[in-house]
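# Coordinates in review
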Amino acid sequence: MRFNEREMRYFAKTMSTDKEGRLGHKHPKESVYKDRWMKLKNNLLFYFRTNEHGNILDSDALGVIILERCQIRPELAADVPFAFSVVFEDESDRKHYFSTTTERQCEEWVRILKQASSETLKSRISRLQEKYRQKTSREPRQLVLTKARQQPRRYSPVPTIVPHRTAPPPPIPSRPVVEPQQPKSSIDDLLLIDWT
C-alpha cells in the first residue's frame, strides 16, 4: 500500500486517538521486544520511541501498521506474558508481537484492534442492515432516500447554480449631474473669523 510519508507523519503528530499506550513491540525482523508508545486511529497503529519514563521520546512515528486483512490474537506460547500478535493474510510468516503488563490490558488491546479494521466495520454495517430488513421488511437505503425527499434541505454544501438570464438587466436610472459650486469667499469673510 502506498501513502505519502510526510502526510502520515503529520497525521501521527496531530491526530486524536481511539486508544494509546505503552506496549512492548517485537518487529518481525527483530528478536527482542522494545518499549514503544502506540497510537491507534481508525485502522492505523502508529508506534513511537519512548524515553526511560515510558513517554514519547520523538514526535515522529517510527512506523505505522495498517490493520487490514489481518488477524489479531492472544499469544499464549510467547516468550513474555500477556502477549498478542498481528498476522497479515498475505504474510503469515511475519508476525508483529506485542506485550502488555496485565492480562486485562492485553484483552482490551486485542478487542480494540479487532474492531479497528474497515472489514469489521463493513461486516457490522451489513449485520445491522440485515436486522433492519428483518424488522421492517424495507431496505435501509430506501428509508434514507425517502426521508431526504420529504424534508427540505436547510444547508447545501454544493453551491446553487443560478440559470443565465436571457434578457439584459434593467438600465440604471440616470440622475441629473449637478456641478459643485465654488464657495464665494472674500477678504471680508476671512476678517470675520475669530482667529483667537
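Look a little higher up for the structure.
Structure report, in brief. (Residues numbered from 1 in each chain as written. Predicted model: local features only at pLDDT ≥ 70, side-chain atom pairs only at ≥ 80, totals over all residues. Heavy atoms only, no water.)

Walk down a regular strand and you will see the side chains alternate between the two sheet faces. Burial runs high along strand β2 (residues 34-41): six of the eight residues are buried. Bridge count for strand β1 (residues 19-26) against β2 is seven bridges, and the pairing is antiparallel. Its bridge partner being in β2, H25 is matched across the sheet by K34. Pairing between β2 and strand β3 (residues 44-49): six bridges, direction antiparallel. (Buried < 20%, exposed > 50% of the residue type's maximum accessible area, 1.4 Å probe, protein only. Helix = DSSP H or I, 4+ residues; strand = E, 2+ residues; numbered from the N terminus. Pairing = 2+ DSSP bridges.)

For the rest of this paragraph, the subject is the sheet that holds β3. Overall, antiparallel pairing links the seven strands, which are arranged β4-β3-β2-β1-β7-β6-β5 in an open sheet. Both edges of this open sheet fall to β4 (63-66) and β5 (70-75), since each of them pairs with a single strand only. Taking the axes of each pair of neighbouring strands and ignoring which way they run, one obtains an average angle of 35 degrees across the sheet. Pairing of β1 with strand β7 (residues 91-99), which is carried by three bridges, proceeds in the antiparallel orientation. Residue pairing for β7: K26 is matched across the bridge by Y97. Running over the sheet, helix α1 (residues 5-14) touches β2, β3 and β4 and is turned about 80 degrees from β3. (Axes fitted to C-alpha atoms, helices over the stretch in contact; angles between N-to-C directions. Contact = heavy atoms within 4.5 Å.)

This part takes up unusual backbone geometry. Positive phi, close to 55 degrees, is recorded for N42, a residue that is not glycine. Take N42: it is sitting in the loop between β2 and β3. We classify N42 as partly exposed; its relative accessible area is 47%. Its identity is not glycine, yet R69 carries a phi of approximately 50 degrees, on the positive side.

Moving on, we come to the layout of surface pockets. Its volume calculated, the second largest pocket comes out at about 180 Å³. Lining of the second largest pocket is provided by 13 residues; of these, R22, L23, T100, T101 and Q105 occupy positions nearest its centre. Within the residue set of the lining of the second largest pocket, elements represented by two or more residues are β1 and α2 (103-115). Broken down by element, the residue count for the lining of the second largest pocket peaks at six residues, all from β1. For the lining of the second largest pocket, the residue count by class is two nonpolar, six polar and five charged. (1 Å grid on protein atoms, 1.4 Å probe; cavity = no way out; pocket = protein on both sides within 12 Å on 5 of 7 lines; lining within 4 Å. Points joined across faces, edges and corners; volume = space filled by probe spheres on them. Nonpolar A, V, L, I, M, F, W, Y, C, P; charged D, E, K, R; others polar.)

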